[in-house]
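Understanding the architecture of this molecule
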Amino acid sequence: MTRGALIVMEGLDRAGKSTQCAVLVDKLREMGYKTNYIRFPDRTTSIGKIIDGYLRGEVQLEDHAIHLLFSANRWELASRIHEDISNGISIVIDRYSYSGAVYSAAKGNKDLSLDWAWRPEIGLPRPDMWFFLNVSPEEAERRGGYGLERYENVTLQLRVGKLFKSLQGMENNEEMRIVDANQSKEEVAQQIFELSSAAIGQIEGPLRKLGI
Ligand code: NYM
Ligand code: MG
């Protein structure tokens with residue numbers, strides 16, 4: 001049996017990730033691919049509950065400490081991801097290690113570089129393709145602006161956007177695809193679907209692991 005594909009959706013808050021994940025899951029299922037959906041942070045686990053409290057501003061945590069909890073939250077689901085993939089089930093993930101590294105590095109803590117932030121991600125399941133939904137701050141604003149959670153402010157989002165874009169062309173990051181998310185929902189969905197089906201058609205060998 002061919003293994004499932006691992007596809008990740010990334011971007012700023014209000015980029016339309018969750019909507020696009022839902023559309024992609026539907027389309028893949030229509031094509032006959034068994035497909036599951038996961039989102040990070042997974043706020044339902046015990047670690048996820050701490051993260052949720054932190055994002056709402058109810059819990060205070062040191063920058064490295066919360067960073068490692070976000071990563072731990074991915075590690076606690078890693079075996080399930082492997083299991084699904086090897087059972088032929090594809091997975092669409094709403095935010096992953098790239099958000100993990102970029103949001104933490106964007107805080108501007110001089111002891112928390114992008115390099116440092118990436119380390120705990122090494123060895124996690126590696127996506128076959130990941131999308132950066134590139135939305136302008138103006139478009140995000142037009143979509144209702146940012147909410148009340150930590151990180152949901154224009155200054156931080158601008159830094160996050162720059163860091164995401166800086167990942168393009170980096171070694172060990174050939175799976176990145178930038179999609180212009182200022183287009184209509186349907187246009188974005190079509191592009192993502194075409195690229196994803198191509199990735200699924202080209203799967204070779206077992207699921208790989210994230211590297212440096
Ligand atoms: N976030 C998300 C991080 O800071 N690190 C991570 O590892 C992940 C997965 O959590 N503003 C941030 C980005 C978001 C926030 O995610 C909550 P969402 O998808 O908006 O619920
Ligand atoms: Mg959000």
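Because the structure is a prediction, the values reported are computed rather than measured. (Residues numbered from 1 in each chain as written. Chains lettered and ligands numbered in written order. Predicted model: local features only at pLDDT ≥ 70, side-chain atom pairs only at ≥ 80, totals over all residues. Heavy atoms only, no water.)

Considering the site of ligand 1
For the record, the criterion: Only a single heavy atom is needed: when it lies within 4 Å of a molecule or strand, its residue is near that molecule or strand. Polar contact criterion, stated in full: a pair of N or O atoms within 3.5 Å, where within protein one must be able to donate a hydrogen and the other to accept it, and residues adjacent in sequence count only if both atoms are side-chain atoms. To be clear on the numbers: accessible area is Shrake-Rupley with a 1.4 Å probe, and residue cover counts the displayed protein chains and nothing else. A run of H or I in DSSP becomes a helix once it reaches four residues, and a run of E becomes a strand once it reaches two; helices and strands are each numbered from the N terminus. Residues are grouped as follows: Ala, Val, Leu, Ile, Met, Phe, Trp, Tyr, Cys and Pro are nonpolar; Asp, Glu, Lys and Arg are charged; all remaining types, including Gly, are polar.
Near ligand 1 you find Asp13, Arg39, Phe40, Pro41, Arg43, Leu55, Phe70, Arg74, Arg95, Gly100, Tyr103 and Tyr151, and these make up its full shell. At 2.8 Å from an oxygen atom of ligand 1 is found a side-chain nitrogen or oxygen belonging to Arg74. Expressed as a share of its isolated accessible area of 480 Å², the protein-covered part of ligand 1 is 94%. When contributions to the shell around ligand 1 are tallied by element, the ones reaching two or more residues are helix H3 (63-86) and helix H4 (97-105). Split into classes, the residues belonging to the shell around ligand 1 amount to six nonpolar, one polar and five charged.

Comments concerning the sheet that holds strand S4 (residues 129-134)
In plain terms, the rule: Any two strands between which DSSP finds at least two bridges are classified as paired. For helices, the fitted line uses only the C-alpha atoms of the stretch in contact; every axis is such a line through C-alpha atoms, and the angle between N-to-C directions lies from 0 to 180 degrees. Contact definition: two residues touch when any of their heavy atoms are within 4.5 Å.
Read from one edge to the other, the open sheet built from five strands follows the order S2-S3-S1-S4-S5, with strand pairing classed as parallel. Each edge of the open sheet is held by one strand with a lone partner, namely strand S2 (35-39) and strand S5 (176-180). Taking the axes of each pair of neighbouring strands and ignoring which way they run, one obtains an average angle of 20° across the sheet. Across five bridges, the pairing between S4 and S5 is parallel. Bridge pairing links Leu133 to Val179 in S5. The sheet strands contacting H4 are strand S1 (6-11) and S4, and the helix crosses S1 at an angle near 25°. In this fold helix H7 (residues 154-166) packs onto S1, S4 and S5, with an angle of close to 140° to the strand it touches most, S4.

Things to note about the nonpolar core
Let me state the cut-off plainly: For our purposes a nonpolar core is just a set of buried Ala, Val, Leu, Ile, Met, Phe, Trp, Tyr and Cys residues, chained together by side-chain atoms within 4.5 Å. The buried label goes to any residue with under 20% of its type's maximum accessible area, the exposed label to any with over 50%, and the partly exposed label to all in between, with areas taken from a 1.4 Å probe on protein chains only.
Core analysis: the largest hydrophobic core is formed by 41 residues, its most contacted members being Ile93, Tyr96, Tyr98, Trp130, Val160 and Phe164. Of all elements in the fold, only S1, helix H2 (46-55), H3, strand S3 (90-94), H4, helix H5 (114-118), S4 and H7 reach the threshold of two or more residues within this core. Take this core: its biggest share by element is six residues, from H3. Contact partners of Tyr98, with chain neighbours within four places excluded, come to Val8, Glu10, Trp118, Pro127, Trp130, Phe164, Leu167, Asn173 and Leu210. With 20 residues, the next largest nonpolar core counts Val92, Ala181, Phe193 and Ala199 among its residues.

A closer look at the UniProt feature "domain: Thymidylate kinase-like" (unreviewed entry) in the chain
Counted only if it meets this: UniProt positions are given in the numbering used here, feature names are shortened, and annotations may be inferred rather than shown by experiment.
In this structure's numbering, the residues bearing the UniProt feature "domain: Thymidylate kinase-like" (unreviewed entry) are residues 10-192. Taken end to end, residues 10-192 comprises 49% helix and 13% strand; its first and last C-alpha atoms sit 12 Å apart.

Quick look at the environment of Asn172
Checked against the element boundaries, Asn172 lands in the loop between H7 and S5. Taking relative accessible area as the criterion, Asn172 reaches 32% and is therefore assigned partly exposed. The sequence separation of Asn172 and Ala106 amounts to 66 residues, and the corresponding C-alpha distance is 21 Å. At a separation of 2.9 Å, a polar atom in the side chain of Asn172 contacts the main-chain carbonyl oxygen of Ile212.

Some details on the packing of helix H1 (residues 17-30) against helix H8 (residues 185-201)
For clarity, the threshold we go by: An angle counts as roughly parallel when it lies under 35 degrees, as roughly antiparallel when it exceeds 145, as roughly perpendicular when it falls between 65 and 115, and as oblique in every other case. Note: crossing handedness is left-handed where the near helix turns anticlockwise from the far helix by less than a right angle, and right-handed where it turns clockwise.
Contact geometry for H1 and H8: axes closest at 10 Å, N-to-C directions at 50°. Of the possible angle classes, the one that applies to H1 and H8 is oblique. Here H1 runs over H8; the crossing is right-handed. Taken together, the residues of H8 that come into contact with H1 (itself represented by Thr19, Gln20, Val23, Leu24, Lys27 and Leu28) are Lys185, Val188, Ala189, Gln190, Ile192, Phe193, Ser196 and Ile200. Of the residues assigned to the contact of H1 with H8, the class counts are eight nonpolar, four polar and two charged.

Details of the pattern of salt bridges
Our working definition: By salt bridge we mean one thing: a side-chain nitrogen of Lys or Arg within 4 Å of a carboxyl oxygen of Asp or Glu.
Considering all chains together, one arrives at 13 salt bridges under this definition. Of the charged contacts, one joins Asp128 and Arg3 as a salt bridge, the two residues approaching to 2.9 Å between their closest N and O atoms. With a gap of 125 residues between them, Asp128 in the loop between H5 and S4 and Arg3 in the segment before S1 connect regions that are remote in the sequence. Given a relative accessible area of 15%, Arg3 falls into the buried group. A network of salt bridges, in which partner residues are shared, links Arg43, Asp52, Arg56 and Glu149.

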